[in-house]
Amino acid sequence: MTARIAVLASGGGSNLQAILDHFAALADRAPGRVVLVASDRPNALALERGRRAGATAIALNEAARTAGLRDLLEAHAITHVALAGYLRQVPADVTTAWHGRMLNVHPALLPAFGGKGMYGHRVHEAVVACGVRVTGATVHFVDDQYDHGAVIAQWPVPVFPGDTAATVAVRVLEVEHQLFPPVVAAVAAGRITLDASGRVTGLRTPMLFAHFAASDASGAADAAPW
Ligand code: GRF
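Calculation rules
- Residues numbered from 1 in each chain as written.
- Predicted model: local features only at pLDDT ≥ 70, side-chain atom pairs only at ≥ 80, totals over all residues.
- Heavy atoms only, no water.
- Buried < 20%, exposed > 50% of the residue type's maximum accessible area, 1.4 Å probe, protein only.
- Helix = DSSP H or I, 4+ residues; strand = E, 2+ residues; numbered from the N terminus.
- Pairing = 2+ DSSP bridges.
- Core = buried A, V, L, I, M, F, W, Y, C linked by side-chain atoms within 4.5 Å.
- Contact = heavy atoms within 4.5 Å.
- Axes fitted to C-alpha atoms, helices over the stretch in contact; angles between N-to-C directions.
- Parallel < 35°, antiparallel > 145°, perpendicular 65-115°, else oblique.
- Left-handed = near helix turned anticlockwise from the far one by under 90°.
- Nonpolar A, V, L, I, M, F, W, Y, C, P; charged D, E, K, R; others polar.
- Near = heavy atom within 4 Å.
- Polar contact = N/O pair within 3.5 Å; in protein donor to acceptor, adjacent residues only side chain to side chain.
- Areas by Shrake-Rupley, 256 points an atom, 1.4 Å probe, with all protein chains shown as cover.

Chemist: Explain the pairing of strand S6 (residues 134-141) residue by residue, including any values.
Modeler: Regular strands have side chains that alternate between both faces of the sheet. Extensive coverage of S6 is indicated by the burial of seven of its eight residues. Inspection of the sheet shows strand S5 (residues 102-106) paired to S6 by four bridges, in the antiparallel sense. Residue pairing for S6: Asn104 is matched across the bridge by His140. One ladder, built from seven bridges, connects S6 with strand S7 (residues 151-158); its direction is antiparallel. Looking across to S7, one finds that Val139 is bridged to Ala153.

Structural data, given as structure tokens:
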């Protein structure tokens, strides 16, 4: 079955763009395509990016992002959902219906610096204020709590003395762009799954960053850690 992916985004949509570019680069090997982009912000650049890529782009009013979201996703026969900088909570009927098929990218190493109210720059501000030396990006399955579902992949990013929330944000976003698209593709292809006991299956190595660095160096772009 070819995956029909919806991406929900509230902002600029650079993660959405990274997914679109990755799937375009996979060409015939892409496990599906992004058919729907939806945003709670009518002016979100993400909508324009989606439209340009040939997806249906929809601005969600309050009813559409709450009681109506499940119907919308079903109307578009959506098989998988990627949350790419989506700042609203997804209703429980949707997280239940797409259980194991809905992913989020978070700009820190969960479970640190996650949870309600921990989004966007607040995450990086907390990281800098806390004085940790490592942060990063996390891709996880979505459940009915903020930033809580099973972790699929993580990528560490250093925090240097003198860093600000803004400099950390740039470094983490770059890593999100590398990490999120291949994980979306692997889940869409059924290579990574969430089993009945809530465990992630299919990942041969949790060291994705090391894996990608090594395969870049050897030029083995097709090698995948799943
Ligand atoms: C990313 O850092 C994402 O993890 C966070 O918000 C940012 C969105 O960036 N939740 P973009 O809209 O994908 O450019």
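Chemist: So what's going on with the nonpolar core? Residues and values would help.
Modeler: What tends to happen in soluble globular proteins is that the nonpolar side chains get buried as a cluster. Counting residues in hydrophobic clusters, the biggest one holds 46 residues, and the most contacted among them are Val34, Ile152 and Phe180. A total of eleven residues in this core trace back to one element, the largest contributor, which is helix H7 (residues 165-188). Among all residues touching Val34, those that are not within four sequence positions of it are Ile5, Val7, Leu16, Ile19, Leu20 and Ala55.

Chemist: Give a description of unusual backbone geometry that names residues and reports values.
Modeler: Cis geometry marks the peptide bond from Leu110 to Pro111; its omega dihedral reads 10°. As for its position among the elements, Pro111 is in the loop between S5 and helix H6 (121-130). With a phi angle near 55°, Phe113 is a residue other than glycine that sits in the positive phi range. Note on placement: Phe113 falls in the loop between S5 and H6. The backbone phi angle of Asp147 is positive, close to 55°, even though this residue is not glycine.

Chemist: Account for the packing of helix H1 (residues 14-26) against helix H2 (residues 45-52), naming residues and giving values.
Modeler: Interaxial distance between H1 and H2 falls to 9 Å at its minimum, and their mutual angle equals 15°. Our classification of the angle between H1 and H2 gives roughly parallel. Crossing of H1 over H2 shows right-handed handedness. Contacts between H1 and H2 pair Ser14, Leu16, Gln17 and Leu20 from the former with Ala46, Arg49 and Gly50 from the latter. Residue composition of the contact of H1 with H2, by class: three nonpolar, three polar and one charged.

Chemist: Tell me what's going on with the site of the ligand, and back it up with residues and numbers.
Modeler: Every residue lining the ligand is accounted for by Gly11, Gly12, Gly13, Ser14, Asn15, Gly85, Val105, Pro107, Leu173 and Glu176. Residue Gly12 places a main-chain N or O atom 3.4 Å away from an oxygen atom belonging to the ligand. Here Gly13 contributes a backbone N or O atom positioned 2.8 Å from an oxygen atom of the ligand. Burial of the ligand by the protein chains amounts to 82% of its free accessible area of 360 Å². Looking at the shell around the ligand, the elements with two or more residues in it are H1 and H7. Looking at side-chain class alone, the shell around the ligand contains three nonpolar, six polar and one charged residues.

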